Amino acid sequence: MKLPIIKHLVEFIAQNDQDYVLETIETLESLTEVPSLKDEELDVLGELISNMYGAVEVDKLVKEGMERKEALNIFMKRVLGSIDK
C-alpha cells in the first residue's frame, strides 16, 4: 500500500463519492479473472485494489468523526502492524 495514493483517493472520495471507488474496485477485481494476465499485471491490479480498499477504510474513519491525518496514520499503523506479525 502506498500512502500518497491512499491520500489522493481519500481526497477524490471527499470531492466526489465513494461509489466511484467501489465500482472501480469491482471492475478491477473482475479483470483479475482474465486467464491471460501475467503475474506482474496481477500484482499491479492487486496493488491498485488494496490502495482503493485502504482509501475506503480511511474514508470510513473520517466519516465517523476522525481527522483525516489521524485516520491515515491509524490505518497505516494497522497495516504495518499486520505485516510485522
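Rules and cut-offs
Residues numbered from 1 in each chain as written. Predicted model: local features only at pLDDT ≥ 70, side-chain atom pairs only at ≥ 80, totals over all residues. Heavy atoms only, no water. Helix = DSSP H or I, 4+ residues; strand = E, 2+ residues; numbered from the N terminus. Buried < 20%, exposed > 50% of the residue type's maximum accessible area, 1.4 Å probe, protein only. Axes fitted to C-alpha atoms, helices over the stretch in contact; angles between N-to-C directions. Parallel < 35°, antiparallel > 145°, perpendicular 65-115°, else oblique. Left-handed = near helix turned anticlockwise from the far one by under 90°. Contact = heavy atoms within 4.5 Å. Nonpolar A, V, L, I, M, F, W, Y, C, P; charged D, E, K, R; others polar. Core = buried A, V, L, I, M, F, W, Y, C linked by side-chain atoms within 4.5 Å. Polar contact = N/O pair within 3.5 Å; in protein donor to acceptor, adjacent residues only side chain to side chain. Expected span 1.5 Å × (residues − 1). pLDDT = per-residue confidence, 0-100. Patch = residues over 30% accessible without salt bridge, like charges linked within 9 Å, V, L, I, M, F, W, Y side chains within 5 Å. Areas by Shrake-Rupley, 256 points an atom, 1.4 Å probe, with all protein chains shown as cover. Salt bridge = Lys/Arg side-chain N within 4 Å of Asp/Glu carboxyl O. Lys, Arg positive; Asp, Glu negative; His and termini not counted. Charge placed at Lys NZ, Arg CZ, Asp CG, Glu CD. Phe/Tyr/Trp six-rings, centres within 6.5 Å; stacked < 30°, edge-to-face > 60°.

A. Examining the environment of Glu-41 more closely. Within the fold, Glu-41 resides in helix H3 (residues 39-63). For Glu-41, a relative accessible area of 36% translates into the label partly exposed. When the C-alpha atoms of Glu-41 and Ile-6 are compared, they prove to be 20 Å apart, with 35 residues separating the residues in sequence.

B. Fine view of the packing of helix H2 (residues 18-31) against H3. For the pair H2 and H3, interaxial distance at closest approach is 10 Å and the crossing angle is 155°. One element, H2, and the other, H3, form an angle in the roughly antiparallel class. Where H2 crosses over H3, the two elements pack in a sense that is left-handed. Mapping the contact onto sequence places Gln-18, Val-21, Leu-22, Thr-24, Ile-25, Leu-28, Glu-29 and Leu-31 in H2 and Leu-45, Leu-48, Ile-49, Met-52, Tyr-53, Val-56, Asp-59 and Lys-63 in H3. Its residues placed into classes, the contact of H2 with H3 shows 11 nonpolar, two polar and three charged.

C. Fine view of the nonpolar core. In terms of nonpolar packing, the biggest core is built from 19 residues, with Ile-6, Val-21, Ile-25, Met-52, Ala-55, Val-58 and Phe-75 touching the most fellow members. Ranked by residue count, the leading element in this core is H3, at seven residues. Not counting chain neighbours up to four residues away, the residues in contact with Ile-25 comprise Ile-49, Met-52, Tyr-53 and Val-56.

D. Spatial organisation of the side chain of Asn-51. Inspection of the secondary structure assignment puts Asn-51 in helix H3. At 2.9 Å, the side chain of Asn-51 forms a polar contact with the backbone nitrogen of Lys-2.

E. H2, seen in detail. Taking 1.5 Å of rise per residue, the 14 residues of H2 would be expected to cover 20 Å, and the 20 Å separating its terminal C-alpha atoms lies within 8% of that figure. Where H2 is buried, its residues meet helix H1 (3-15) and H3. Among the residues of H2, the N-terminal cap falls to Asp-17, whose side-chain oxygen and the backbone nitrogen of Asp-19 are separated by 3.0 Å.

F. How the structure looks around the confidence of the model for the protein chain. Within the protein chain, residue pLDDT values average 93, and 95% of them lie at 70 or more. For the protein chain, the element scoring lowest by mean pLDDT is helix H4 (residues 68-84), at 83; H2 scores highest, at 98.

G. Local environment of a negative patch on the surface. A surface patch of negative charge is lined by Asp-17, Asp-19, Glu-23, Glu-26, Glu-29 and Glu-33. Tracing the backbone through its elements, the reader meets Asp-17 in the loop between H1 and H2.

H. Quick look at the packing of aromatic side chains. Inspection of the entire model under this criterion finds one aromatic pair. Ring geometry for Phe-12 and Tyr-20: centres 6.1 Å apart, planes at 75°, overall edge-to-face. The exposure class assigned to Tyr-20 is partly exposed, which follows from its relative accessible area of 49%.

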